[in-house]
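Next come the chains, spelled out residue by residue.
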Amino acid sequence: MPSMIKTGSRILLGVFALAMLGFGIYSLPPVRARLDWRIAEWQAQIKYTLAPPEQAVFVPEQQTAFPTPAFLPSRTPTASLVPVTPTATLPGSTHTPPPTHTPTQTPTPLPERVQQAGIRHEFQTWNNCGPATLSMALSFWGWQGDQADAAPFLKPIPRDKNVMPYEMAAFVEEETEFRVVVRAGGDLDLLKRFLTAGLPVILEKGFEGPNFEGWMGHYVLVTGYDNVAQAFTTQDSFLGPKIIVGYDAIESFWRAFNFTYLVIYPAEREADVLALLGEQVDETTNARSALARASEEIYTLSGRDPFFAWFNRGTNLVALQDYAGAAEAYDEAFALYAALPEDERPWRMMWYQTGPYWAYFYTGRYTDVLNLATTTLDAMSEPVLEESYYWRALAREALGDVSGAIEDWQTSLKHHPGFAPSLSQLARLGVENP
């Protein structure tokens with residue numbers, strides 16, 4: 001009997017030692033980086049099998065607006081939607097398109113083909129296209145860092161599903177010697193003019209590709225074009241270096257993000273960048289131009305593209321602080337979304353954009369804010385969107401649920417430590433973040 005006890009004890013000690021060894025190995029950053037994404041993928045497959053995210057549909061209630069709460073949150077939680085000087089409602093801001101969008105005019109003929117060299121391609125680690133693409137763009141100007149240097153600033157928690165354009169811009173401005181401009185409503189001609197001037201361009205775009213389920217948001221760096229081939233050259237952190245993408249495909253996937261682009265440049269090139277932007281230097285003019293384009297496309301596109309056009313219309317109206325017009329545009333977009341075949345729905349859309357929250361909150365539609373955020377979070381395998389928790393908290397407080405609001409703001413900070421909008425709201429209520 002004693003020998004059996006000793007044998008059992010040795011077995012238990014061996015199992016314990018193996019478990020500790022396994023935990024120690026898993027704790028090593030290189031090992032954990034390789035395993036975490038696989039664990040997340042398994043979790044996602046299980047969750048999405050049981051509750052397919054494409055079946056989750058948000059339906060705006062269009063309820064009577066609630067009274068304006070005694071508090072008003074900062075209107076600048078993200079620089080991607082920094083409000084400008086308030087404007088009167090644009091003519092026809094709800095259904096009639098504003099004046100025709102005029103594509104960027106080329107002052108001088110462009111070469112038939114341009115290719116930029118000197119970019120260090122990086123394949124992204126798990127869930128890291130933003131830092132990887134930003135690192136590639138900076139490498140063109142001699143920056144020596146890589147995505148591992150950018151990621152802690154851009155996404156303090158690796159499981160963060162999205163990096164906003166304003167976060168990319170903040171990294172450039174605060175952590176490097178370079179400058180950056182972020183605008184919406186770009187077009188193919190503008191891309192060519194930047195490339196001709198020796199300025200690669202980051203695009204925020206939709207993505208559907210191999211080894212990935214469903215539509216997602218993505219960043220790519222555009223480094224060349226060829227008019228004969230009717231294609232751009234892109235550096236893609238997921239697909240690889242020098243990926244050739246046709247003009248039509250670029251435009252189609254770029255539309256999903258309001259034709260948003262970022263250009264990084266050294267200080268001595270600022271005059272060149274401003275000249276290329278022309279009147280788009282002014283953010284109000286840029287928003288109006290992007291609004292005009294989206295409004296035109298509502299009536300000219302087919303398939304699921306009208307959903308993106310209506311969504312873009314709402315986003316540009318938010319930028320112009322026409323929240324009522326924006327809310328109506330988003331209502332149209334969500335109605336079109338519900339009518340799409342399930343396999344065509346871009347169900348990750350609210351992972352990357354916050355415009356509907358702005359529109360519904362600032363028109364007193366707090367229940368719609370709450371329901372949209374809840375629908376978005378519930379459909380995720382990992383509900384880690386700090387922006388959705390932030391806006392749901394605002395809606396909860398406006399509806400009288402202060403404790404629920406505090407819980408959501410605290411949850412947002414777990415997923416994005418230091419997230420300034422949530423910190424400011426908790427400080428307003430005199431609550432310390434645990």
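Structure first, text after, so check above.
So, how was this worked out
Residues numbered from 1 in each chain as written. Predicted model: local features only at pLDDT ≥ 70, side-chain atom pairs only at ≥ 80, totals over all residues. Heavy atoms only, no water. Phe/Tyr/Trp six-rings, centres within 6.5 Å; stacked < 30°, edge-to-face > 60°. Helix = DSSP H or I, 4+ residues; strand = E, 2+ residues; numbered from the N terminus. Buried < 20%, exposed > 50% of the residue type's maximum accessible area, 1.4 Å probe, protein only. Lys NZ or Arg CZ within 6 Å of the ring centre and 35° of its normal. Contact = heavy atoms within 4.5 Å. Axes fitted to C-alpha atoms, helices over the stretch in contact; angles between N-to-C directions. Parallel < 35°, antiparallel > 145°, perpendicular 65-115°, else oblique. Nonpolar A, V, L, I, M, F, W, Y, C, P; charged D, E, K, R; others polar. Salt bridge = Lys/Arg side-chain N within 4 Å of Asp/Glu carboxyl O. Arc of directions from axis to C-beta. Left-handed = near helix turned anticlockwise from the far one by under 90°.

*Asks:* Hey, could you run me through the packing of aromatic side chains in this one?
*Replies:* The description of an aromatic ring pair uses the distance of the two centres, along with the angle that the planes make with each other. For the structure on display, the rule yields 30 aromatic pairs. With a centroid separation of 5.9 Å and an interplanar angle of 85 degrees, the aromatic rings of tryptophan 143 and phenylalanine 171 are classed as edge-to-face. Of this pair, tryptophan 143 sits in the loop between α3 (129-139) and α4 (147-154) while phenylalanine 171 sits in helix α5 (residues 165-175), placing them 28 residues apart in sequence. Owing to a relative accessible area of 15%, tryptophan 143 belongs among the buried residues under this scheme. Arranged with centres 6.2 Å apart and planes meeting at 20 degrees, the rings of tyrosine 357 and tryptophan 391 form a pair that is stacked. Remark: tryptophan 391 occurs in helix α15 (residues 386-398) and tyrosine 357 occurs in helix α13 (residues 355-361); sequence separation between them is 34 residues. For the residue pair tyrosine 357 and tryptophan 391, the accessibility class agrees, reading buried in each case. When the ring centre of phenylalanine 253 is taken as origin, the NZ or CZ atom of lysine 205, which lies over that ring, is 5.0 Å away. A cation over a ring is seen here: arginine 293 above phenylalanine 259, with NZ or CZ 3.6 Å from the ring centre.

*Asks:* Explanation requested: the environment of methionine 168 in the structure shown.
*Replies:* Position of methionine 168 relative to the elements: it lies in helix α5. The class of methionine 168 is buried, set by a relative accessible area of 0%. For the pair methionine 168 and proline 131, spaced 37 residues apart in sequence, the C-alpha to C-alpha distance is 7.9 Å. Non-local contacts of methionine 168, meaning those with residues more than four positions away in its chain, are made with Gly130, Leu134, Leu154, Val163, Ile202, Tyr219 and Leu262.

*Asks:* Sorry if this is basic, but what is going on with the packing of helix α6 (residues 188-196) against helix α7 (residues 247-255) here?
*Replies:* The angle between the axes and the distance between the axes are what describe a pair of packed helices. In the contact formed by α6 and α7, the axes pass within 11 Å of each other and the chain directions differ by 110 degrees. By the criterion of interaxial angle, the relationship of α6 to α7 is roughly perpendicular. Residue-level contacts link Leu188, Leu191 and Lys192 of α6 to Tyr247, Ile250, Glu251 and Trp254 of α7. Split by residue class, the contact of α6 with α7 holds five nonpolar, no polar and two charged.

*Asks:* I would appreciate a short explanation of the pattern of salt bridges in the present structure.
*Replies:* One side chain can pair with another of opposite charge once the charged atoms of both are near each other. A full pass over the atoms with the stated rule returns 19 salt bridges. Arginine 120 is the partner of glutamate 122 in a salt bridge, and the nearest nitrogen-oxygen pair spans 3.7 Å. Among the ionic pairs, aspartate 272 bridges to arginine 269, the shortest N-O distance being 2.6 Å. With relative accessibility at 18%, the residue arginine 269 sits in the buried group. The structure contains a network of salt bridges with shared partners spanning Glu251, Arg255, Arg293, Glu297 and Asp305.

*Asks:* In this structure, what is going on with helix α8 (residues 270-277)? I would like to understand it.
*Replies:* Because each turn of an α-helix spans 3.6 residues, side chains separated by three or four positions in sequence point in the same direction. When α8 is considered as a whole, its buried residues turn out to be Val273, Leu276 and Leu277. The buried residues of α8 all sit within an arc of 100 degrees when viewed along its axis, so they share a single face. More than 90 degrees from the buried face of α8, the exposed residues found are Ala271 and Ala275. Packed against the buried residues of α8 are β2 (179-183), α6 and β7 (261-265). Downstream of α8 by one or two residues, glycine 278 has phi in the positive range, about 60 degrees.

*Asks:* Please explain the packing of α15 against helix α17 (residues 420-428) as it appears in this structure.
*Replies:* Contact geometry of α15 with α17 gives a least axis separation of 10 Å together with a crossing angle of 25 degrees. One way to sum up the angle between α15 and α17 is to call them roughly parallel. As for the relative orientation of α15 and α17, their crossing is left-handed in sense. Across the interface between the two elements, Tyr390, Leu394 and Glu397 of α15 pack against Pro421, Ser422, Gln425 and Arg428 of α17.

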